[in-house]
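Coordinate inspection notes
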Amino acid sequence: MIKYFNRKTKQYEIEQVAGEKYLKWTYCSPVGMKLLELIIKKKIFSKLYGYFCNSRYSRKNIYHFIKNFNINMGDYVEHTDDFKCFNDFFSRALKNNSRSIDMDEKVLISPGDGRLQVYENIDLNKIVQIKGFTYSLYNLINNIEIAKRFYKGTCLILRLCPTDYHRFHFIDQGICDPTYKIKGYYYSVNPIALRNISNIFCRNKREWSIFHSKNFGDILYIEVGATCVGSIVQTYFPGKHISKGDEKGYFKFGGSTIILFFEQNKIRIHKDLLEQSNIGYETKVLMGESIGIRYQ
């Protein structure tokens, strides 16, 4: 059972997990763990499933997915019948008016839809994965000099469920450097997996870039792949001017994670998000909503 905080209702809710029985069996049973290490975590498993999700045979899964998880298709550009395969549906684009983006320059927005946890004054060697597990920023990006710049800064971890909108966006205007790709495994990033496998973020496939934002300093932007995520697709143009809310890229099928690191004294995170993170709960947020302000 995964409980998260809903900002709008001010209530805790239970997450409806896609493939929950499979996840529990894989990450909580001896046989499942053996299969995980032998097959499931490896690229070939996610690649084969990715081929299926790109095929017309996967279209039949779209209707069941929408119904089972009560997805509001009114938010999206395409209609259900327009998708040629499951991956087309999974990486669906929002209508322009379906998310409200706070354009105030002082306001920090969420880069996507998902469940957010926040950590301030971070120790570069002990960043929290989940209660009981930590990881090092040096190991996450394999670059010591870049990592040092975020000492005592702020870390945002946005977990995207398979049921979420899976495109991610820029949180400010500015310019983004090219993306660095790091090969890795394909463990799930669901809390069920995070509680049982250490250093998942440092072991999974991931990509990172430095975003030079106008209002919040230099930001380390990291995308982490997971089981059945066939690709992390970057759609931005390095070195070109970016506007707040512009798309950066998208994930193909699977649960995924976005991690942002801010330098010290650049942002102030809203109190409700900090309170929930401090007691161990993620908070549900939508792309474009205010999650903090510029440090004054």
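Here the structure is a predicted model, which is why all the values come from computation and not from measurement.

Tyr135, Leu137, Leu140, Phe201, Leu220, Ile259 and Phe261 are the most contacted members of the largest nonpolar core, which totals 34 residues. Apart from residues no more than four positions distant in its own chain, Leu220 is found in contact with Leu137, Ile141, Ile146, Phe150, Trp208, Ser209, Ile210, Ile259, Leu260 and Phe261. In this structure, Cys176, Ile232, Phe262 and Leu274 belong to the second largest nonpolar core, which totals 29 residues.

This next bit is on helix 4 (residues 60–68). For helix 4, every residue scored as buried is listed here: Ile62, Phe65 and Ile66. All buried residues of helix 4 lie within an arc of 95° about the axis, which places them on one face of the element. With respect to the buried face of helix 4, the exposed residues turned more than 90 degrees away are Lys60, His64 and Lys67. Those residues of helix 4 that are buried lie in contact with helix 5 (86–90).

Listed under "modified residue: Pyruvic acid (Ser)" (unreviewed entry) in the UniProt record, and renumbered for this structure, are Ser256. In this structure Ser256 comes out as buried when scored by relative accessible area, which is 0%.

Time to look at the environment of Phe237. Residue placement: Phe237 occurs in the loop between strand 13 (232–234) and strand 14 (241–242). The spacing of Phe237 and Lys248 is 11 residues in sequence and 8.6 Å in space, taken between C-alpha atoms.

Our focus in this paragraph is unusual backbone geometry. Despite not being glycine, Lys10 has its phi angle at roughly 60°, a positive value. Considering the arrangement of structural elements, one finds Lys10 in the loop between strand 1 (3–6) and strand 2 (11–14). Classification of Lys10 as exposed rests on a relative accessible area of 54%. In this structure, Asn265 takes a positive phi of about 60° despite not being glycine. Classification of Asn265 by relative accessible area gives partly exposed; the value is 47%.

Reading the values: rules and limits
- Residues numbered from 1 in each chain as written.
- Predicted model: local features only at pLDDT ≥ 70, side-chain atom pairs only at ≥ 80, totals over all residues.
- Heavy atoms only, no water.
- Core = buried A, V, L, I, M, F, W, Y, C linked by side-chain atoms within 4.5 Å.
- Buried < 20%, exposed > 50% of the residue type's maximum accessible area, 1.4 Å probe, protein only.
- Contact = heavy atoms within 4.5 Å.
- Helix = DSSP H or I, 4+ residues; strand = E, 2+ residues; numbered from the N terminus.
- Arc of directions from axis to C-beta.
- UniProt positions renumbered as here; feature names shortened; annotations may be inferred.

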